[in-house]
Amino acid sequence: MHQINNLTQINLSKGLAPTEEPARQYHYIKAARAYIQELSAQKGAPLTFHVSTFGCQMNARDSEKLTGILEEIGYQKTDTEEADFVLYNTCTVRENANNKVYGRLGYLNGFQKKNPFMMIGLCGCMMQEPAVVEKIKQSYRFVNLIFGTHNIYKFAELLCTALEATFGSNAKKMGRSMIIDIWQDTDKIVEELPVERKYAFKSGVNIMFGCDNFCSYCIVPYVRGRERSRKPEDILQEVRTLAADGVVEVMLLGQNVNSYGKNLKEPYTFARLLQEVANIDGIERVRFMTSHPKDLSDELIAVMAKSEKICRHLHLPLQSGSTRLLKVMNRKYTKEQYLSLVEKVRAAIPDIAITTDIIVGFPGETEEDFNETMNVVCKVGFDSAFTFLYSKRTGTPAASMEGQIPEETAKARFDRLLRKVQEIASKKAMQYEGTVQKVLVEHINEMDEKLVTGRMGNNSIVHFPGTADMIGKILDVYLKECKGFYYIGEAR
Ligand code: 5AD
Ligand code: SF4
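These lines cover the structure that appears in this document, whether it is placed above or below. (Residues numbered from 1 in each chain as written. Chains lettered and ligands numbered in written order. Predicted model: local features only at pLDDT ≥ 70, side-chain atom pairs only at ≥ 80, totals over all residues. Heavy atoms only, no water.)

Side note on the overall build of the protein chain
Okay, step 1: Secondary structure assignment for the protein chain yields 14 helices and 19 strands.
Okay, step 2: With respect to the principal axes defined by its C-alpha atoms, the protein chain has extents near 70 × 55 × 50 Å.
Okay, step 3: For the protein chain, the proportion of its 492 residues judged to be buried stands at 57%.
Okay, step 4: Here the protein chain has roughly 21600 Å² of accessible surface; of this, 51% comes from carbon and sulfur atoms.
Okay, step 5: In the protein chain, which carries 63 positive and 61 negative side-chain charges, the distance between the mean positions of the two groups comes to 2 Å. (Helix = DSSP H or I, 4+ residues; strand = E, 2+ residues; numbered from the N terminus. Buried < 20%, exposed > 50% of the residue type's maximum accessible area, 1.4 Å probe, protein only. Areas by Shrake-Rupley, 256 points an atom, 1.4 Å probe, with all protein chains shown as cover. Lys, Arg positive; Asp, Glu negative; His and termini not counted. Charge placed at Lys NZ, Arg CZ, Asp CG, Glu CD.)

What about the site of ligand 2?
Okay, step 1: Around ligand 2, the structure places Cys211, Asn213, Phe214, Cys215, Tyr217, Cys218, Val220, Pro221, Gln255, His292 and Arg331.
Okay, step 2: Split into classes, the residues belonging to the shell around ligand 2 amount to seven nonpolar, three polar and one charged. (Near = heavy atom within 4 Å. Nonpolar A, V, L, I, M, F, W, Y, C, P; charged D, E, K, R; others polar.)

Re the site of ligand 1
Okay, step 1: Looking at ligand 1, the residues that line it are Val93, Arg94, Tyr217, Gln319, Asp357, Ile359, Phe388, Leu389, Tyr390, Ser391 and Arg393.
Okay, step 2: One of the side-chain N or O atoms of Gln319 is found 2.6 Å from an oxygen atom in ligand 1.
Okay, step 3: Here an oxygen atom of ligand 1 sits 2.7 Å away from a polar atom, N or O, in the side chain of Asp357.
Okay, step 4: Contact with the protein chains covers 85% of the free accessible surface of ligand 1, which is 400 Å².
Okay, step 5: Secondary-structure elements contributing two or more residues to the shell around ligand 1 are strand S13 (353-360) and strand S14 (384-389). (Polar contact = N/O pair within 3.5 Å; in protein donor to acceptor, adjacent residues only side chain to side chain.)

Concerning the packing of aromatic side chains
Okay, step 1: Summed over the entire model, instances satisfying the criterion amount to 17 aromatic pairs.
Okay, step 2: Geometrically, the ring pair formed by Phe85 and Phe155 is stacked, given 6.4 Å between the ring centres and 25° between the ring planes. Taken together, the positions of Phe85 in strand S3 (residues 85-90) and Phe155 in helix H5 (residues 155-167) put the pair 70 residues apart, joining distant regions of the chain.
Okay, step 3: Phe155 sits in the buried class, given a relative accessible area of 0%.
Okay, step 4: Taking the centre distance of 6.1 Å and the plane angle of 75° together, the rings of Tyr140 and Phe142 count as edge-to-face.
Okay, step 5: Within the aromatic cluster, the residues linked to one another by ring pairs are Phe49, Tyr75, Phe85, Phe147 and Phe155. (Phe/Tyr/Trp six-rings, centres within 6.5 Å; stacked < 30°, edge-to-face > 60°.)

Observations concerning the pairing of S3
Okay, step 1: The buried fraction of S3 is high, at six of six residues.
Okay, step 2: With burial as the criterion, each face of S3 is covered, one bearing Phe85, Leu87 and Asn89 and the other bearing Val86, Tyr88 and Thr90.
Okay, step 3: Across five bridges, the pairing between strand S1 (residues 48-53) and S3 is parallel. Each bridged residue has a counterpart across the sheet, and for His50 the counterpart in S3 is Val86. (Pairing = 2+ DSSP bridges.)

A short note on helix H10 (residues 298-306)
Okay, step 1: What H10 keeps buried is the set Leu300, Ile301, Val303 and Met304. Seen from one end, H10 has its buried residues packed into an arc of 165°, which puts them on one side. (Arc of directions from axis to C-beta.)

Overview of the side chain of Asn258
Okay, step 1: You can see Asn258 is positioned in the loop between strand S10 (249-253) and helix H9 (270-278).
Okay, step 2: There is a polar contact of 3.4 Å between the side chain of Asn258 and the side chain of Ser291.
Okay, step 3: Not counting chain neighbours up to four residues away, the residues in contact with Asn258 comprise Phe270, Ser291, His292, Asp295, Leu296 and Leu300. (Contact = heavy atoms within 4.5 Å.)

Quick notes on the sheet that holds strand S16 (residues 451-456)
Okay, step 1: Around the barrel, which closes on itself, the five strands sit in the order S15-S16-S17-S19-S18 with mixed pairing between neighbours. Sheet twist, expressed as the average angle between the axes of neighbouring strands with direction ignored, equals 50°.
Okay, step 2: In terms of strand pairing, strand S15 (residues 436-444) meets strand S18 (residues 474-482) through five bridges, oriented antiparallel. Bridging from a neighbouring strand, Lys438 pairs with Asp476 of S18. (Axes fitted to C-alpha atoms, helices over the stretch in contact; angles between N-to-C directions.)

What about the packing of helix H13 (residues 367-380) against helix H14 (residues 407-430)?
Okay, step 1: At their nearest, the axes of H13 and H14 sit 10 Å apart, and the two run at 5° to each other. With respect to their mutual orientation, H13 and H14 come out roughly parallel. Only Arg413, Arg416, Leu417, Lys420, Val421, Ile424 and Lys428 of H14 make contact with H13, whose side of the interface consists of Glu367, Phe370, Asn371, Thr373, Met374, Val377, Cys378 and Val380.
Okay, step 2: Here the residues of the contact of H13 with H14 sort into eight nonpolar, two polar and five charged. (Parallel < 35°, antiparallel > 145°, perpendicular 65-115°, else oblique.)

Notes on the sheet that holds strand S4 (residues 119-124)
Okay, step 1: What the six strands build is an open sheet, ordered S2-S1-S3-S4-S5-S6; its pairing is parallel. Unpaired on one side and paired on the other, strand S2 (76-77) and strand S6 (179-181) mark the two borders of the sheet.
Okay, step 2: Strand direction decides the pairing type here: S4 and strand S5 (residues 145-147), joined by two bridges, are parallel. When the sheet's bridge partners are listed, Leu122 is paired in S5 with Ile146.
Okay, step 3: The strands touched by helix H2 (residues 57-73) within the sheet are S1, S2, S3, S4 and S5, with S1 carrying the most contacts at an inclination of about 170°.

Things to note about H2
Okay, step 1: With 17 residues, H2 should cover 24 Å at 1.5 Å per step; its first-to-last C-alpha distance of 25 Å lies within 8% of that length.
Okay, step 2: With 12 of 17 residues buried, H2 lies mostly within the body of the structure.
Okay, step 3: The set of residues buried in H2 consists of Met58, Asn59, Arg61, Asp62, Ser63, Glu64, Leu66, Thr67, Gly68, Ile69, Leu70 and Ile73.
Okay, step 4: Gly74 lies just past H2 and shows a positive phi near 110°. (Expected span 1.5 Å × (residues − 1).)

By themselves, these are just geometric observations and shouldn't be taken as functional.
Below, the structure written as C-alpha cells:
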C-alpha cells in the first residue's frame with residue numbers, strides 16, 4: 001500500500017484566517033489547494049473527486065456549489081466513485097433515500113481500503129438528523145467529514161480541517177478523526193463563492209432557503225431550517241452574470257417560492273422577482289419550483305400570463321384530494337380551493353402544464369379519502385404527477401399519529417393512482433402530437449448519438465435528429481410522435 005507522508009504545510013490554514021465571509025473561505029481554499037498539490041505530488045497523479053447527489057433540485061444546486069469549491073481547490077472531477085474524495089449530498093425526505101446511503105457506504109469503504117488518499121464526506125439533509133450522525137459515528141468510522149445544510153458555504157474550511165485530520169501529523173500520531181460540523185440553524189446567506197455549472201446554457205438559482213410550513217408528514221423544515229430569502233438585488237445580479245455567460249434558462253428554486261420576500265427588511269413579492277428576472281436580456285426562459293397552493297397569488301398568475309419568457313409549467317403539489325386529510329397534513333387549503341385555483345390558472349394561461357406531488361397512505365387515509373384524491377386527479381388532469389408512498393419521518397407530527405396504513409393497502413392504492421396518473425398524462429401529451437414547439441436542446445441522446453434531447457417550455461422531453469452544435473439553442477421542433485412521456489420530433 002502506498003505510504004503517505006505527513007503534509008509538510010500542516011496548519012497552514014490556521015492563524016491568519018479572516019473572520020468575514022466570503023474572504024475566510026477564499027483563505028481556506030488557498031490552504032486546501034496547497035494540501036492537494038502536496039498529496040497529488042505524493043500520489044504522482046492529480047487527486048480526483050466525485051459528488052453524488054440524492055433528492056431534489058435544491059440538493060442538485062448545492063452540489064454545484066460544492067463542486068465549484070472542489071474544482072477551485074484543485075481536485076479533478078471524475079465520473080466514478082473510485083475517487084480520492086467522494087461526497088454524498090444526501091436526502092431524507094423519505095426513508096428509502098436514507099437506506100440507499102447506508103448501503104452505498106459499505107461499498108465506498110471497499111474503495112477506501114485500496115486507496116490511502118481517499119476521503120469520504122457526507123452532507124445534506126440526512127446529516128441534520130442527530131440519530132443519523134450517531135449511527136455513522138458508531139458503524140461507519142471510516143467517514144472523514146460530515147456537515148449539514150446550514151454550513152455548506154463553509155465547505156472549504158471544513159475540508160481543510162478534514163485534510164489535516166486525515167493526513168496531518170496528528171492523524172499519524174493519534175489516528176484519523178472524523179470531522180463533524182452540524183449547525184441546527186442559521187440565518188446566514190453567504191454570496192459570491194465559486195460554483196460550477198452542470199450545463200453552460202441553463203442554471204438553477206436559489207432564491208430562498210428553508211421552509212416554515214410544517215406540513216405534518218415533512219421533515220424539510222427540521223433539516224433545512226426556517227425560511228429565509230436572498231436579497232432581490234443579489235438574485236438579479238446572479239442572473240445577469242449567468243446571462244452574460246451564455247445562460248438562456250434559469251430555474252428559480254425554493255421550497256415554497258410563493259412566499260419569497262415576505263421576511264425581507266423591505267418585503268418583495270415572488271411575482272415581482274419573476275418579472276424582473278424575465279426582463280433580463282439574454283434570459284429566454286424562466287422556470288420556478290415549488291409553489292405551495294395556499295400562497296399562489298393573482299399577481300403571480302397575471303405575471304405568468306403576460307410574459308412569454310415564463311415557462312408554461314406550474315408544479316403545484318396537491319398531496320391529497322381529501323379536505324379532511326389536507327387539514328391533518330396542515331396544508332391550509334381544501335379540495336375545492338385547490339380545484340378553483342387550477343381553474344383560475346387555466347383561465348388565465350390556457351396552455352399551462354400543471355404537475356403535482358401526491359402522497360398515498362398518509363396516517364388515517366380511508367378509502368373515501370383516497371377516492372377524493374383520485375377524483376381530483378381526474379378533474380384536474382395533471383400533465384404529470386410524482387406519486388409517493390407515505391414514509392414515516394421521526395420527529396414529524398404524522399409519525400406519531402394513529403391509523404398508520406398497512407403497507408399492502410397503501411401499495412394497492414399507490415398502484416391504482418399511478419395507473420390513473422399515467423393514463424391521463426399520456427392522453428394529455430397526445431394533444432401536442434403534430435404541432436411545432438420550441439425546444440431547448442440539452443444534450444446528445446444517451447442511447448443514440450444521432451439524436452439530441454431537449455425540453456419544451458412545459459418541461460416535456462423531445463428527442464430528435466441533431467448534432468452537438470444545437471446544444472443550448474432553442475429550436476422549432478415538429479412533434480412527429482408522442483410516446484407517452486416523451487416525443488420523437490424533427491427540427492424545422
Ligand atoms: N412521505 C412521502 N412523501 C413525502 N414527501 C414529503 N415528505 C414525505 C413523506 N414523509 C413528498 C411530498 C413533497 C415531495 C417533495 O416529497 O409530496 O411535495
Ligand atoms: Fe415540506 Fe410542506 Fe415545506 Fe414542502 S411546504 S418542504 S411539503 S413542509
